[in-house]
Amino acid sequence: MQKLALITGGSSGIGFEIAKKLAEKKYSLIITGRNQEKLQKAADNIGSFCNTYIEAFCSDTTDEKSLEKVFLQIKAKKGKLDMLILNAGSVSTKLISEYANTKELKREININLWGTILATYIFLPLLNKGAKILLVSSAFGLMGAAGYTTYCASKAGVINFADALRRELLKKEISVHVACPSDIDTPMYREEYQNMPKWMKKDARRAAMKPEKAADIILKKCFKNKFLIILTFDILFLVLLIKLTPIRFKNYILDKIFPIPN
Ligand SMILES: NC(=O)c1ccc[n+]([C@@H]2O[C@H](COP(=O)([O-])OP(=O)(O)OC[C@H]3O[C@@H](n4cnc5c(N)ncnc54)[C@H](OP(=O)(O)O)[C@@H]3O)[C@@H](O)[C@H]2O)c1
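Residues numbered from 1 in each chain as written. Predicted model: local features only at pLDDT ≥ 70, side-chain atom pairs only at ≥ 80, totals over all residues. Heavy atoms only, no water.

**Q** So what exactly am I meant to see when it comes to the side chain of glutamate 17 here?
**A** Secondary-structure assignment places glutamate 17 in helix α1 (residues 13–24). Look past the residues within four positions of glutamate 17 in its chain and what remains in contact with it is Pro211, Glu212 and Ala215. (Helix = DSSP H or I, 4+ residues; strand = E, 2+ residues; numbered from the N terminus. Contact = heavy atoms within 4.5 Å.)

See the structure below:
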């Protein structure tokens with residue numbers, strides 16, 4: 001029987017590339033996102049090269065009712081999930097003092113953290129024994145960068161949520177994995193770069209990784225049962241630095257690497 005994967009934010013970037021790779025592995029797919037047109041285009045694209053079952057549901061991960069609708073549609077077809085990929089996310093680059101209002105201030109926590117927790121809660125009953133939950137956090141969930149306060153907080157929350165969830169689900173034989181990418185050349189990354197303040201831009205950014213390569217690394221490590229998925233050696237180095245060195249030394253190095261506002 002074909003395995004079934006659900007990918008939130010499967011219409012673009014990393015989520016779309018993960019969906020393509022799973023289609024190549026003969027998974028049936030459910031992709032979600034907020035924009036129906038974008039979703040349909042993504043589903044048609046995958047359908048054009050892969051003869052796999054694919055459904056696209058317009059659903060916002062922060063909206064309980066819209067997630068429940070997707071849950072009921074899967075349940076009605078007696079569908080069971082073998083993979084749940086919680087990838088939908090958003091980023092903005094601003095100093096905390098620059099947020100216009102508290103609604104804007106809550107945006108990243110709402111989409112990246114709350115949306116991930118809510119979708120996990122709603123889809124969990126649909127998971128098969130042996131299923132995998134893959135959460136997409138960020139390297140900025142492992143370290144703090146100026147201009148990304150709410151993003152860093154949301155993605156750190158996703159990592160700790162995944163850690164606790166992994167332990168809760170051990171005896172249910174559902175494995176949990178959390179990916180921490182950085183600088184992946186997606187529409188989100190390009191928009192982030194476009195909109196970031198000058199003090200951030202002046203520090204040259206590294207060449208971004210292609211999303212298809214990121215998806216490939218993430219899935220390979222996930223299928224090798226790695227819990228914390230780090231994509232590049234420089235991030236691995238920083239993580240080891242953070243974990244193994246005294247805080248003062250860690251802060252000294254990170255203050256030299258990351259851009260700092262005046
Ligand atoms: N690109 C990077 O450099 C990078 C680095 C670290 C971590 N990440 C993380 O990787 C994940 C994917 O990012 P990406 O770069 O691939 O971005 P992307 O190309 O903009 O894709 C984001 C996807 O999420 C969907 N989405 C956003 N908000 C949603 C919501 N509330 N409910 C449902 N779907 C939603 C978007 O579709 P709609 O807009 O139509 O809803 C889209 O399909 C994010 O969690 C991001 O934080 C990315």
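Continuing now.
**Q** Can you help me understand helix α9 (residues 233–244) in this one?
**A** The periodicity of an α-helix, 3.6 residues per turn, causes residues three or four places apart in sequence to face the same way. A rise of 1.5 Å per residue sets the reference length of α9, with its 12 residues, at 16 Å; its end C-alpha atoms lie 16 Å apart and thus fit the reference within 8%. Listing the buried residues of α9 in full gives Ile235, Leu238, Val239 and Leu241. Each buried residue of α9 sits inside an arc of 160° when the element is viewed along its axis, so together they form one side. What points out from α9, more than 90 degrees from its buried face, is the exposed set Phe233, Phe237, Lys243 and Leu244. Summarising the contacts, the buried residues of α9 are in contact with β7 (228–230) and α10 (247–257). (Expected span 1.5 Å × (residues − 1). Buried < 20%, exposed > 50% of the residue type's maximum accessible area, 1.4 Å probe, protein only. Arc of directions from axis to C-beta.)

**Q** Could you clarify how one ought to interpret unusual backbone geometry in this entry?
**A** Outside of glycine, negative phi angles account for most residues, and trans bonds account for most peptide bonds. Phi is positive for lysine 26, close to 70°, though the residue is something other than glycine. Within the chain, asparagine 225 stands out as a residue other than glycine whose phi angle is a positive 65°. For asparagine 225, the position within the fold is in the loop between α8 (211–223) and β7.

**Q** Would you take a moment to explain α8 for this structure?
**A** With 13 residues, α8 extends 18 Å from end C-alpha to end C-alpha; this agrees with the ideal 18 Å at 1.5 Å per step. Taken together, the buried positions of α8 are occupied by Pro211, Ala214, Ala215, Ile217, Ile218, Leu219 and Cys222. Buried residues in α8 make contact with α1, β4 (81–86), β5 (127–136), β6 (175–180) and β7. Looking one or two residues past α8, asparagine 225 carries a phi angle of roughly 65°, positive in sign.

**Q** Looking at this structure, I do not really get the nonpolar core. What am I missing?
**A** In a soluble, globular protein the nonpolar side chains are often hidden away together inside. Within the largest apolar cluster, 50 residues are counted, with the highest numbers of intra-cluster contacts made by Phe123, Ile133, Leu135 and Tyr148. When residues no more than four places from it in sequence are discounted, the contact partners of isoleucine 133 are Leu84, Leu86, Leu124, Leu127, Leu165, Leu169, Ile174, Ser175, Val176 and His177. Formed by 32 residues, the second largest nonpolar core is a distinct cluster that contains Leu22, Ile85, Leu134 and Leu219. (Core = buried A, V, L, I, M, F, W, Y, C linked by side-chain atoms within 4.5 Å.)

**Q** Honestly, the pattern of salt bridges in this entry has me stumped. Any pointers?
**A** Where side chains of opposite charge bring their charged atoms close, a pairing between them can arise. Going through the model one piece at a time under the given rule, you end up with eight salt bridges. Lysine 129 serves as the salt-bridge partner of glutamate 173, at 3.9 Å between the closest nitrogen and oxygen. Taken together, the positions of glutamate 173 in the loop between α5 (149–169) and β6 and lysine 129 in strand β5 put the pair 44 residues apart, joining distant regions of the chain. Of the residues examined, glutamate 173 reaches a relative accessible area of 47% and is grouped as partly exposed. Residue class for lysine 129 comes out exposed when judged on its relative accessible area of 64%. It is possible to trace a salt-bridge network through shared partners that takes in Asp185, Arg190 and Lys210. (Salt bridge = Lys/Arg side-chain N within 4 Å of Asp/Glu carboxyl O.)

**Q** Before we go on, may I ask you to explain the site of the ligand in this structure?
**A** Lining the immediate surroundings of the ligand are 29 residues, of which Ser11, Ser12, Arg34, Ile184 and Thr186 lie closest. One of the side-chain nitrogen or oxygen atoms of serine 11 is found 2.7 Å away from an oxygen atom of the ligand. Contacts to the ligand include tyrosine 151, whose side-chain N or O atom sits 2.8 Å from an oxygen atom. For the shell around the ligand, the secondary structure elements donating two or more residues are α1, α5 and α6 (187–195). Among the elements that take part in the shell around the ligand, α6 stands out by supplying three residues, more than any other. Taken together, the residues that form the shell around the ligand break down as 10 nonpolar, 14 polar and five charged. (Near = heavy atom within 4 Å. Polar contact = N/O pair within 3.5 Å; in protein donor to acceptor, adjacent residues only side chain to side chain. Nonpolar A, V, L, I, M, F, W, Y, C, P; charged D, E, K, R; others polar.)

**Q** Just to check I follow, could you spell out the packing of α1 against α8 for this structure?
**A** In a packed pair of helices, the relevant descriptors are the angle between the two axes and the axis-to-axis distance. Packing of α1 against α8 leaves a shortest axis separation of 8 Å and a crossing angle of 60°. One way to sum up the angle between α1 and α8 is to call them oblique. Crossing angle aside, the handedness with which α1 passes α8 is right-handed. Every residue of α8 that contacts α1 at Gly13, Ile14, Glu17, Ile18, Lys21 and Leu22 is listed here: Pro211, Glu212, Ala215, Asp216, Ile218, Leu219 and Phe223. Considered class by class, the residues forming the contact of α1 with α8 number eight nonpolar, one polar and four charged. (Axes fitted to C-alpha atoms, helices over the stretch in contact; angles between N-to-C directions. Parallel < 35°, antiparallel > 145°, perpendicular 65-115°, else oblique. Left-handed = near helix turned anticlockwise from the far one by under 90°.)

On their own, these measurements won't tell you what the molecule is for.
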